[in-house]
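Okay, here's what each chain looks like letter by letter:
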Amino acid sequence: MSHQVSAGRLYGVGLGPGDPSLVTVRAAELIGKADVVAYHSARHGRSIARSIAERYLTGGQIEEKLVYPLTVETTDHPGGYRGALDEFYEAAAARLAAHLDAGRDVVVLAEGDPLFYGSYQHMHKRLAHRYPTEVVPGVTSVSAAAARLGQPLTEAEETLTVIPGTLPEEELTARIASADSAVIMKLGRTFPAVRRALERAGRLDDAQYVERAFMEGERIAPLAEVDGESVPYFSVAVLPSRVAPLEPAVRLADGVGSVTVVGTGPAGPLWLTPEARGALAEATDLVGYTTYLDRVPERPGQRRHGSDNKVESERAEFALDLARRGHRVCVVSSGDPGVFAMATAVLEVACEPDYRDVPVRIVPGMTAAHAAASRVGAPLGHDYAVVSLSDRLKPWDVVAKRLRAAAEADLVLALYNPGSKSRTTQVGLARDVLLEYRAPETPVVMARDVGGPTERIRIVRLGELDPALVDMRTILLIGSSQTQAVGRGGGVEVVWTPRRYPEA
């Protein structure tokens, strides 16, 4: 009497970074008991995975060598490089399925960890839903590189970013700039672009190079010193934790430091650009209005110098003095630092003779006007003017003159600094000026604390604008004669200004 054979089990077994002694006990047991041991290799037939596992093989297993049809992205396959690989993975999965159907247990070897950039994952996706499956984790190249460097990857609240070097160079630069610590994989022929990205992101001096960790031919060096012609695929670039080098004392630059004025956007971390994140993380000192400093995560070893909102010149001079003593200083500004914010205050002082040799850089941020506009649609879709209603630094008659000029030109207006506890009349005065040129039905967007916990957006009409509802955290967007406010489904009203202006 015949009986049905039970299917075999599929095992994805991680082998670690290269040293056979770093194979886990579970992995070694499974390799020794397997009916079939499968591993990937290039056309030359040599398999790093098999060489790591060799001491655990019994000699009695069936070996399935899964030979890649190509190693570079050039092929005459009608489906291109991806099509050729997919065809290979399907054929390899079918070979393993035949063993599993026959009741044989199959171990697929994987360098590092099977589900971390591993070839095994392509077998897993095709077979795991059909057969009993177990994945045995392994030590990744990330952990191996950190161990060989002897430096922490992450500490405290830092995050680790793992980046494939095959990304476009611009994307590499952005990911590196915004990372606390990072590991860049898949170097080889991507090394020149990775090196340029590290340099553009200002992280080249921090980068370490680890080649063949825990394998024969291991090499460790500062990445800036590595010859790009000699970099193999089994190498990684590491940006270790920023915390460790800063303790026990803040690390200063050689000679003169620098000042970077950073725009943090209108609210919290979601509005930060990668470049701004990188600049804030790199700084030894943060200087700014205390409310804005509170939006920036604290880092061990980094010093914070908060102050009142009305001492901009003193704050700029303090930051430049720190830089002259070798500190890397970030002056923190909300929104964009060049729009009614700290960039001008810093540059005014930096252009004085005593500070002209201090490097100053401006890192832009999302403006309050653009953030507010995004909440309601596209009110700034055509020409617009930006005006501050504050008369603390310029007389009101100048403000009124500019409002009239912009209104007569039929520009949309973004009004900053509309009111405060000590300035309560400007909004009403501005409304009355604009009503000389605009219809009372003109849409007005009142946006308060955009992106923050107390965000509130109102769409009113110019004739109904109530100054009592406006404070210093509010920005006003006043439509032109062409701006539309249209109700859509669900009671949502959107505001937009056409890009085409009617001909006279």
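Residues numbered from 1 in each chain as written. Predicted model: local features only at pLDDT ≥ 70, side-chain atom pairs only at ≥ 80, totals over all residues. Heavy atoms only, no water.

**Q** Mind showing me how you'd approach the overall build of the chain here?
**A** Helix and strand counts for the chain come out as 15 helices and 23 strands. In terms of C-alpha radius of gyration, the chain reaches 31 Å, well past the compact-globule figure of 23 Å for 504 residues. Expressed along its principal axes, the backbone C-alpha trace of the chain runs to roughly 100 × 60 × 40 Å. Buried positions account for 46% of the 504 residues belonging to the chain. Element-wise, carbon and sulfur atoms account for 50% of the exposed surface of the chain, whose accessible area totals about 24,600 Å². Charged side chains in the chain number 56 positive and 64 negative. The centres of these two groups are separated by 2 Å. (Helix = DSSP H or I, 4+ residues; strand = E, 2+ residues; numbered from the N terminus. Rg over C-alpha atoms; globule rule 2.2 N^0.38 Å. Buried < 20%, exposed > 50% of the residue type's maximum accessible area, 1.4 Å probe, protein only. Areas by Shrake-Rupley, 256 points an atom, 1.4 Å probe, with all protein chains shown as cover. Lys, Arg positive; Asp, Glu negative; His and termini not counted. Charge placed at Lys NZ, Arg CZ, Asp CG, Glu CD.)

**Q** What is the right way to look at unusual backbone geometry in this model?
**A** Peptide bonds are mostly trans, and most non-glycine residues show a negative phi. One non-glycine residue, Arg 212, lies in positive phi territory at about 50°. Turning to its location among the elements, Arg 212 is positioned in the loop between strand S8 (208-211) and strand S9 (219-222). Unlike most non-glycine residues, Asp 410 shows phi in positive territory, near 60°. Here Asp 410 shows up in the loop between helix H14 (396-408) and strand S18 (412-416).

**Q** I tried to follow the nonpolar core on my own but got confused; where do I start?
**A** A general feature of soluble globular proteins is that nonpolar side chains tend to end up buried together. Counting 22 residues, the largest nonpolar core has Ile 176, Ile 184, Leu 187, Phe 191, Leu 198, Tyr 209 and Leu 223 as the members making the most contacts within it. Looking at this core, the elements that each hand over two or more residues are helix H6 (169-178), strand S7 (181-185), helix H7 (191-200) and strand S10 (235-239). It is H7 that provides the largest number of residues to this core, a total of four residues. Leaving out residues up to four positions away in the same chain, Tyr 209 has contacts with Leu 187, Phe 191, Arg 219, Ile 220, Ala 221, Leu 223, Val 226, Ser 230, Val 231, Pro 232, Ser 235 and Val 236. If you look at the next biggest cluster of nonpolar residues, it comprises 21 residues, including Leu 389, Leu 415, Val 427 and Met 446. (Core = buried A, V, L, I, M, F, W, Y, C linked by side-chain atoms within 4.5 Å. Contact = heavy atoms within 4.5 Å.)

**Q** Explain the packing of aromatic side chains to me, please; I cannot follow it from the model alone.
**A** One pass over the structure, following the stated rule, counts eight aromatic pairs. Ring geometry for Tyr 68 against Tyr 89: centres 6.4 Å apart, planes inclined by 85°, an arrangement best described as edge-to-face. Here the residue Tyr 68 occupies a position in the loop between strand S3 (62-67) and helix H3 (80-101), and Tyr 89 occupies one in helix H3, the gap between them amounting to 21 residues. For the pair formed by Tyr 68 and Tyr 89, the shared burial category is buried. When the ring of Phe 340 is compared with that of Tyr 416, the centres are 5.2 Å apart and the planes differ by 55°; the resulting orientation is tilted. Remark: Tyr 416 occurs in strand S18 and Phe 340 occurs in the loop between strand S14 (328-333) and helix H12 (342-350); sequence separation between them is 76 residues. Phe 340 sits in the partly exposed class, given a relative accessible area of 43%. An aromatic cluster is present here, built from Tyr 68, Phe 88 and Tyr 89 joined pairwise through their rings. The cationic tip of Arg 148 hangs over the ring face of Phe 214; the distance from NZ or CZ to the ring centre is 3.8 Å. (Phe/Tyr/Trp six-rings, centres within 6.5 Å; stacked < 30°, edge-to-face > 60°. Lys NZ or Arg CZ within 6 Å of the ring centre and 35° of its normal.)

**Q** Would you mind going over the environment of Glu 464 with me for this structure?
**A** By secondary structure assignment, the location of Glu 464 is in the loop between strand S20 (456-461) and strand S21 (474-478). According to the relative accessible area criterion, Glu 464 is exposed, its value standing at 59%. In this structure the C-alpha to C-alpha distance between Glu 464 and Pro 440, which are 24 residues apart in sequence, comes to 7.6 Å.

**Q** Before we go on, may I ask you to explain the confidence of the model for the chain in this structure?
**A** Low-confidence regions, as indicated by low pLDDT, have predicted coordinates that should not be scrutinised in detail. Put simply, the chain has an average pLDDT of 91, and 95% of its residues get 70 or more. Low confidence marks residues 246-250, where pLDDT is under 50. Its contacts with residues over four positions away, or in another chain, come to seven contacts. (pLDDT = per-residue confidence, 0-100.)

**Q** Looking at this structure, how should I read helix H1 (residues 25-33)?
**A** The α-helix winds at 3.6 residues per turn, so residues separated by three or four positions along the chain end up facing the same way. Within H1, the full set of buried residues consists of Ala 27, Ala 28, Leu 30 and Ile 31. Buried residues along H1 cover an arc of 165° about the axis, so they all sit on one side. Of the exposed residues in H1, the ones pointing more than 90 degrees away from its buried face are Val 25 and Lys 33. Buried residues in H1 make contact with strand S1 (10-14), strand S2 (36-41), helix H2 (48-53), strand S4 (106-110) and strand S5 (133-136). (Arc of directions from axis to C-beta.)

**Q** I keep staring at the sheet that holds strand S12 (residues 285-289) and nothing clicks. Help me out?
**A** Strand pairing within a sheet occurs via backbone hydrogen bonds; the two strands may be parallel or antiparallel. Reading across the sheet, the five strands line up as S13-S12-S14-S11-S15 and stay open at both edges, with parallel pairing between neighbours. The open sheet is flanked by strand S13 (303-307) and strand S15 (360-363), the only strands paired with a single partner. The sheet shows a mean angle of 20° between the axes of neighbouring strands, direction not considered. Sheet topology places S12 next to S13; five bridges connect them, and they run parallel. Looking across to S13, one finds that Asp 285 is bridged to Arg 303. (Pairing = 2+ DSSP bridges. Axes fitted to C-alpha atoms, helices over the stretch in contact; angles between N-to-C directions.)

**Q** Is there a simple way to explain the environment of Val 296 in this structure?
**A** Among the secondary structure elements, Val 296 is positioned in the loop between helix H10 (290-293) and S13. Owing to a relative accessible area of 7%, Val 296 belongs among the buried residues under this scheme. Taking the C-alpha atoms as reference points, Val 296 and Thr 264, 32 residues apart in sequence, are found 8.5 Å from one another. Residues within four places of Val 296 in sequence aside, it is in contact with Leu 280, Leu 286, Arg 304 and Val 332.

**Q** I would appreciate a short explanation of the packing of H3 against helix H4 (residues 120-127) in the present structure.
**A** Each pair of packed helices can be summarised by the angle the axes make with each other and by the distance between the axes. Interhelical geometry of H3 versus H4 gives an angle of 65° and a closest axis separation of 9 Å. Relative to H4, the crossing made by H3 is right-handed. Contacts between H3 and H4 pair Asp 86, Tyr 89, Glu 90, Ala 92, Ala 93, Leu 96, Ala 97 and Leu 100 from the former with His 122, Met 123, Arg 126 and Leu 127 from the latter. (Left-handed = near helix turned anticlockwise from the far one by under 90°.)

**Q** Whenever I open this one, the packing of H6 against helix H9 (residues 274-282) confuses me. Can you help?
**A** Interaxial distance between H6 and H9 falls to 7 Å at its minimum, and their mutual angle equals 40°. The two elements H6 and H9 cross, and the hand of that crossing is left-handed. Between H6 and H9, the contacting residues are Ala 174, Ala 177 and Ser 178 on the first element and Pro 274, Glu 275, Arg 277 and Gly 278 on the second.

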